Amino acid sequence: MEKPNTTRRNFLLTTVKAGLVAGIGLPVVSCSQTKKTEEKVMLKSFSQAPLGYAYNALEPVIDAMTMEIHYSRHHAAYVNNLNKAMEAENIETESLESLMGNISTYSTAVRNNGGGHYNHDLFWKIMSPGGSSMPTGALLDAINASFDSYDNFKEQFSNAALTRFGSGWGWLVENNGKLLIGSTPNQDNPLMDLSDFKGNPLLGIDVWEHAYYLKYQNRRGDYINAFFDIINWDQVSARLNAIS
Ligand code: MN3
C-alpha cells in the first residue's frame with residue numbers, strides 16, 4: 001500500500017540523513033527504470049566499423065589519400081559527434097536504422113551526424129577492389145523490372161547523383177517491392193522519416209566534394225562514371241535479399 005507523499009518524503013529524508021551520518025551511499029531512488037531494457041539492448045553510442053580494405057585498394061577510381069581522409073577524419077568525426085549529441089540529449093535507440101526512422105524527433109546534430117554515420121558505413125561496404133562488373137540474379141531481375149535495362153538504371157542513377165545540387169547522396173532503394181532512384185541533400189538518407197525520398201537503401205554514392213575533389217576536382221560526372229567499376233554488387237544483392 002502507498003504511503004502518503006509527505007510521509008514518504010520524510011522517511012527518505014530521514015534515511016538519507018541516517019545514511020550520510022553512517023557514511024553510506026544509499027540508493028534513494030527505487031528501481032523502476034530498467035524494465036524497457038529487458039528485451040532489447042538499447043544503444044547509447046556507435047562505433048566505426050573497420051574499412052575492410054586498404055586505403056589504396058580502390059585505386060585508380062578513388063585515390064588513397066581521399067580514402068584515408070574520408071574514412072579516418074570525415075566519417076570518424078560524424079561518429080564522434082553523433083555520440084556526443086546522443087550523450088548530451090540522453091538518447092537511447094534500438095539501432096541506427098531506428099534512429100533514422102525517428103530522426104525528426106531529434107536535434108539537427110543527431111540528424112547530420114547520425115546520417116553521416118549511416119551513409120558512410122553503407123558506402124564503404126558497397127564498394128570493393130575491382131568490384132563485380134554487373135548485378136546478377138534477383139537484383140538484376142529487379143533492376144530490369146524497374147528500369148527496363150541495366151543501362152537505363154545506370155543512366156538514371158548517374159543523373160540523380162550528378163544533378164544533386166551541392167552536397168548530398170545518390171541512391172538506389174527498395175520501396176514496397178519496387179526499386180527507385182533518387183537523391184538526398186547533406187547527410188540525409190531515404191530511411192529518415194522527414195526525407196522526401198524514402199526507401200530501404202541498397203546502393204549509395206557520396207557526392208560531397210570531399211569524396212572526389214582531390215582526384216577529380218569539379219568533374220563529378222567522371223567520378224560517378226568510375227564509381228561503377230568498384231561497386232560491390234554482391235553486397236547490394238545481400239541488402240535486397242535481407243529485405244525480401
Ligand atoms: Mn563523405
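About the cut-offs
Residues numbered from 1 in each chain as written. Predicted model: local features only at pLDDT ≥ 70, side-chain atom pairs only at ≥ 80, totals over all residues. Heavy atoms only, no water. Helix = DSSP H or I, 4+ residues; strand = E, 2+ residues; numbered from the N terminus. Buried < 20%, exposed > 50% of the residue type's maximum accessible area, 1.4 Å probe, protein only. Contact = heavy atoms within 4.5 Å. Pairing = 2+ DSSP bridges. Axes fitted to C-alpha atoms, helices over the stretch in contact; angles between N-to-C directions. Parallel < 35°, antiparallel > 145°, perpendicular 65-115°, else oblique. Nonpolar A, V, L, I, M, F, W, Y, C, P; charged D, E, K, R; others polar. 1 Å grid on protein atoms, 1.4 Å probe; cavity = no way out; pocket = protein on both sides within 12 Å on 5 of 7 lines; lining within 4 Å. Points joined across faces, edges and corners; volume = space filled by probe spheres on them. Phe/Tyr/Trp six-rings, centres within 6.5 Å; stacked < 30°, edge-to-face > 60°. Donors = N, O, S within 2.8 Å, 3.2 Å for Na, K, Ca; no water.

Within the chain, the regular secondary structure consists of nine helices and three strands. Taken from the N to the C terminus, the helices and strands of the chain come in the order α-α-α-α-α-α-β-β-β-α-α-α. Buried residues in the chain amount to 40% of all 244 residues. For the chain, contacts bridging at least 24 residues in sequence account for 67% of all contacts bridging at least 6.

This brings us to the sheet that holds strand β3 (residues 200-206). Here three strands make up an open sheet; going across it, the order is β2-β1-β3 and the pairing antiparallel. Every other strand in the sheet has two partners, leaving β2 (178-185) and β3 as the edge strands with one partner each. Neighbour-to-neighbour, the strand axes of this sheet turn through a mean angle of 20 degrees, independent of strand direction. In the sheet, strand β1 (residues 168-175) pairs with β3 via six bridges, with the strands oriented antiparallel. The partner of E174 across the bridge, within β3, is N200. The sheet contacts of helix α4 (residues 108-125) involve β1 and β3, and relative to β3 the element is tilted by about 85 degrees. Contacts from helix α5 (residues 137-147) reach β1 and β2, with the element oriented near 80 degrees to β2.

One way to put it is that α5 packs onto helix α6 (residues 150-163) with a least axis distance of 8 Å and a crossing angle of 75 degrees. In terms of axis orientation, α5 runs roughly perpendicular to α6. On α6, the residues that touch I143, N144 and F147 of α5 are Y150, N152, F153 and Q156. Here the contact of α5 with α6 is built from residues that sort into four nonpolar, three polar and no charged.

Estimated volume of the largest pocket: approximately 150 Å³. Lining the largest pocket are E97, Y118, L191, N200, P201, A238, R239, A242 and I243. Among the secondary structure elements, those contributing two or more residues to the lining of the largest pocket are β3 and α9 (233-243). Split by residue class, the lining of the largest pocket holds six nonpolar, one polar and two charged.

When two helices pack together, you describe them by how their axes are tilted relative to each other and by the distance separating the axes. At a minimum axis distance of 8 Å, the contact between α5 and α9 shows a crossing angle of 80 degrees. The angle between α5 and α9 places the two elements in the roughly perpendicular class. Contact with α5, carried on its side by A138, L139, A142 and I143, involves W233, V236, S237 and L240 of α9 and no other residues of that element. Grouping the constituent residues of the contact of α5 with α9 by class yields seven nonpolar, one polar and no charged.

What follows is about the packing of aromatic side chains. Evaluation of the coordinates by the stated rule reveals 17 aromatic pairs. Ring geometry for F157 versus F228: centroids 5.9 Å apart, planes at 85 degrees, classification edge-to-face. Within this pair, whereas F157 is found in helix α6, its partner F228 is found in the loop between α8 (220-227) and α9, the two being separated by 71 residues in sequence. With a relative accessible area of 0%, F157 lands in the buried category. Arranged with centres 5.7 Å apart and planes meeting at 20 degrees, the rings of W169 and W171 form a pair that is stacked. Comparing W169 with W171 shows no difference in burial state: the two are buried.

Bringing the pairing of β1 into the picture now. Most of β1 is tucked away, with seven of its eight residues classed as buried. Pairing between β1 and β2: eight bridges, direction antiparallel. Of the residues in β2, the one forming a bridge with G170 is S183. Joining the antiparallel neighbours β1 and β2 is a turn of two residues, in which N176 adopts a positive phi near 50 degrees.

We now examine the coordination of the manganese ion. The manganese ion binds to the protein through H70 (NE2), H120 (NE2), D206 (OD) and H210 (NE2); the donor distances cover 2.0 to 2.1 Å. Going along the chain, you hit the donors of the manganese ion in the pattern H-x49-H-x85-D-x3-H. Of this pair, H70 sits in helix α2 (residues 64-88) while H210 sits in the loop between β3 and α7 (213-216), and the two are 140 residues apart along the sequence. Taken individually, H70 and H210 each receive the classification buried, so the pair is uniform in this respect.

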